[in-house]
Structures are given as structure tokens and as C-alpha cells.
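Summary of structural features
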Number of protein chains: 2
Amino acid sequence: MSDLLERLRGRGWRVTSQRRVVAEVLDGDHVHLTADEVHARAAQRLPEISRATVYNTLGELVALGEVLEVSTDGRAKRYDPNAHRPHQHLVCSGCGTIRDVRPTGDPLAGLPARERFGFTVSEVQITYRGLCPACA
Amino acid sequence: MSDLLERLRGRGWRVTSQRRVVAEVLDGDHVHLTADEVHARAAQRLPEISRATVYNTLGELVALGEVLEVSTDGRAKRYDPNAHRPHQHLVCSGCGTIRDVRPTGDPLAGLPARERFGFTVSEVQITYRGLCPACA
DNA sequence: TCTTGACCTGGACCGCGTCCATCGTAGGAT
DNA sequence: ATCCTACGATGGACGCGGTCCAGGTCAAGA
């Protein structure tokens, strides 16, 4: 994400203080923040930033492929800045923490043509669930 | 799901007309209905059934392992009556229809110990996305 | 520096789901 | 068959996550 702002400027993005702050928040610790958490952290640096702007900016970053949306619990969506390296997620059923993991092999290989029902399958999302060491 | 009500009675469930109607709705076409769709179909048979009751009943069926909750789009949860046969889901990015599919092999095998970070992994949810024949 | 269209704001609004006080009733007890 | 009562149903208020909108603001090109 380091030169994210330059990439976005190159794509015609108007770089504003709000967008920069949101990008910097995501660029920090690689945790999976909710939109409200992003808003809270952004507001520490830019107190008057609005929720709507955070939602808009996150949506744009997702549309541009710079950030991934993850919804593992049916509650708030989370935003994953690790978008350029394909990976899956490992979720603790106890505390809800999420880790990025990289399974071996081609995940599409497990779905034989007979089970595709004529679909053009292009993407696979895998969520591994279990208990983390602390919760076990 | 055929003798579902008997199983539930055996577990101490009080069988009411509302619960029977909800179970019958799920037992119909094996589509993946939202809670509101379940409510609408139930209301055709039992006009005064309340939303809260439908939500309660669905939640109980999930807790008892008779029905699965599926949230593929971050919108409303869907309810899958095919709970006794392990399967995954194939979702059309165009129209949103969901098909049950059965991948080959053990889905847990793809995650080597090194990528488990000490977690006790017990469950794998896979969502295949693509376009169905009609949307392609 | 000026201009302008893209952007930001705050608050109303919406969809999905939960909660709660109250009423109704399934099913055991008699 | 009838009664009793605890479990279930009702529906309306509420909460959270997210979207929309009218109006004010400002980045960046001319």
C-alpha cells in the first residue's frame, strides 16, 4: 500500500486530506478493521471527518481493487488492505480475530465440472473456522 | 427434513402451528430463503404470524443443527435446510442465485499446519463465485 | 488567482435483526 | 374433559450497519 496515493492520483483520484487519512489508517497495522473502526482512527487525525466519507472512500478503494471487503460474521464488513496477495481467512470462533492464510494448491481444483452447473467460476472465498491458541 | 417435527418434539420442543408452518416452508423447494421470504410464505398459510416468531424459530432450528445460516452477500442471511449433508455454495455474481455443491477431497487438507498459527481448525466454508449460464 | 466540478458534511433515512411487555396456548396433571 | 402454568407468540419500539441527499467546500487545472 506504500505508494497507494500515487497510484490513485494516476487514476484520476482527487487526493484530499480525508482520503489520505483513510488510506493511512488502512496502511497501519494489518488488522481487519470495520468501517466504524476506520472512522474512529481517522477521526483521531482529522476530527471532523464524516462517516459517509469513510464509507465512500472505502467503497472506492474496494472498487479499485486496493482493498478487500471481508464479511465473516454477518455483522459489519471488514476491510483488508492485503489485496494484492491472494489469500484466505482463518477466523477464531471465540474472539473473532482474523488471520490471513495462504492454502496450498488451486482452490478451484476441488470443484469438478459436474458440480459447476454451467457456471463460469472465477473466484473462491474460503473461511477456516476454529479456536485460536488463546481461546482453546 | 421429513420427520423434523418428530425429532424436535423428542428434544422437548413445544410444537405450535407457527413452528410447524416455518418448518414446512423450509421443507419445500430447496432454495435459500431469507427470513423475510420465509415470513412471507409462512404468512400465506398463517396470516398473523409475526416476524419475531419467524426469527426466533429460524434461530432455534439453526441452534439445533437442523438448518444452516448462509450469508453470501453481506445483506440478509439465508437459511439452508440441507444441513445434514456437508456441502459448499456456488453463487452467481449476476443474479445472486445459490447452488449447493460438493467439492471433492478434504477442504481442510489445503491448509498446512504452518498456516494454522496454532488454531484448532474445525470447519471450512467455501463460496465459489461466478456467472450462471443465464447471466453469462 | 479564478473557476469549476468533484468531494465532504451531517443528518435523515432504510433494511435487517433484536428486545420486551403482554397475551395466548400446548401439553402435562388431575 | 378440564385446569394450570410455563413456554411460546405478538407487534411495536429499538439498535446497528449502511446509504442517500442537499448544500457547503476545496483540489487542481487554466
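Fair warning: this is a prediction, and the values are worked out from it, not measured in the lab.

Strand order in the open sheet made by the 6 strands is 5(A)-4(A)-6(A)-6(B)-4(B)-5(B), with mixed pairing throughout. This sheet does not close on itself; its edge strands, each paired only once, are strand 5 (98-101) of chain A together with strand 5 (98-101) of chain B. Mean inter-strand twist for the sheet, computed between neighbouring axes without regard to direction, equals 25°. Of the pairings in the sheet, the one linking strand 6 (residues 120-131) of chain A to strand 6 (residues 120-131) of chain B comprises 11 bridges and is antiparallel in character.

Near DNA strand C you find 25 residues, and of these Gln18, Ala52 and Thr53 of chain A together with Ala52 and Lys77 of chain B are the closest. At the level of elements, helix 2 (17-27) and helix 4 (51-63) of chain A together with helix 3 (35-45) and helix 4 (51-63) of chain B are the ones that each hand at least two residues to the surface near DNA strand C. When residues of the surface near DNA strand C are assigned to their parent elements, the largest contribution, 4 residues, is made by helix 4 of chain B. When grouped by side-chain class, the residues that make up the surface near DNA strand C number 8 nonpolar, 9 polar and 8 charged.

Residue and element names in this part refer to chain B. What the 3 strands build is an open sheet, ordered 1-3-2; its pairing is antiparallel. Edge positions in the open sheet fall to strand 1 (33-34) and strand 2 (68-70), since each of these has one partner strand only. Looking at chain direction, strand 2 and strand 3 (residues 78-80) are connected through 3 bridges and run antiparallel. The residue of strand 3 that forms the bridge with Leu68 is Asp80.

All right, on to the relation of the copies chain A and chain B then. Between chain A and chain B, the superposition needs a rotation of 180° and an axial shift of 0.0 Å, giving an RMSD of 0.1 Å. The two molecules are tied by a two-fold rotation axis, judged by turn and shift. Among all C-alpha atoms of chain A, that of Ile126 of chain A lies closest to the rotation axis, at 2.3 Å. Looking at the interface residues of chain A, 100% of them are also at the interface in chain B, so both copies use one shared face.

In terms of nonpolar packing, the biggest core is built from 20 residues, with Leu90, Ile126 and Tyr128 of chain A together with Leu90, Ile126 and Tyr128 of chain B touching the most fellow members. Taken together, the elements giving at least two residues each to this core come down to strand 4 (88-92) and strand 6 of chain A together with strand 4 (88-92) and strand 6 of chain B. Core analysis: the second largest hydrophobic core is formed by 16 residues, Val21, Leu26, Leu33 and Val38 of chain A among them.

With respect to spatial proximity, 25 residues lie near DNA strand D, and among them Ala52 and Lys77 of chain A together with Gln18, Ala52 and Thr53 of chain B are the closest. Elements supplying a minimum of two residues to the surface near DNA strand D: helix 3 (35-45) and helix 4 of chain A together with helix 2 (17-27) and helix 4 of chain B. A per-element tally of the surface near DNA strand D places helix 4 of chain B first, with 4 residues. For the surface near DNA strand D, a count of residues per class yields 8 nonpolar, 9 polar and 8 charged.

Attention shifts here to unusual backbone geometry. Residue and element names in this part refer to chain A. For Phe117, which is not glycine, the phi torsion reads 55° and is therefore positive. You can see Phe117 is positioned in the loop between strand 5 and strand 6. Overall, Phe117 belongs to the partly exposed group, with 15 C-beta atoms counted inside 10 Å.

Analysis parameters
- Residues numbered from 1 in each chain as written.
- Chains lettered and ligands numbered in written order.
- Predicted model: local features only at pLDDT ≥ 70, side-chain atom pairs only at ≥ 80, totals over all residues.
- Pairing = 2+ DSSP bridges.
- Helix = DSSP H or I, 4+ residues; strand = E, 2+ residues; numbered from the N terminus.
- Axes fitted to C-alpha atoms, helices over the stretch in contact; angles between N-to-C directions.
- Near = placed C-beta within 6 Å.
- Nonpolar A, V, L, I, M, F, W, Y, C, P; charged D, E, K, R; others polar.
- Least-squares fit on C-alpha atoms with pLDDT ≥ 70 in both.
- Contact = placed C-beta atoms within 7 Å.
- Core = buried A, V, L, I, M, F, W, Y, C linked by C-beta atoms within 7 Å.
- Buried ≥ 20, exposed ≤ 12 C-beta atoms within 10 Å, placed from the backbone.

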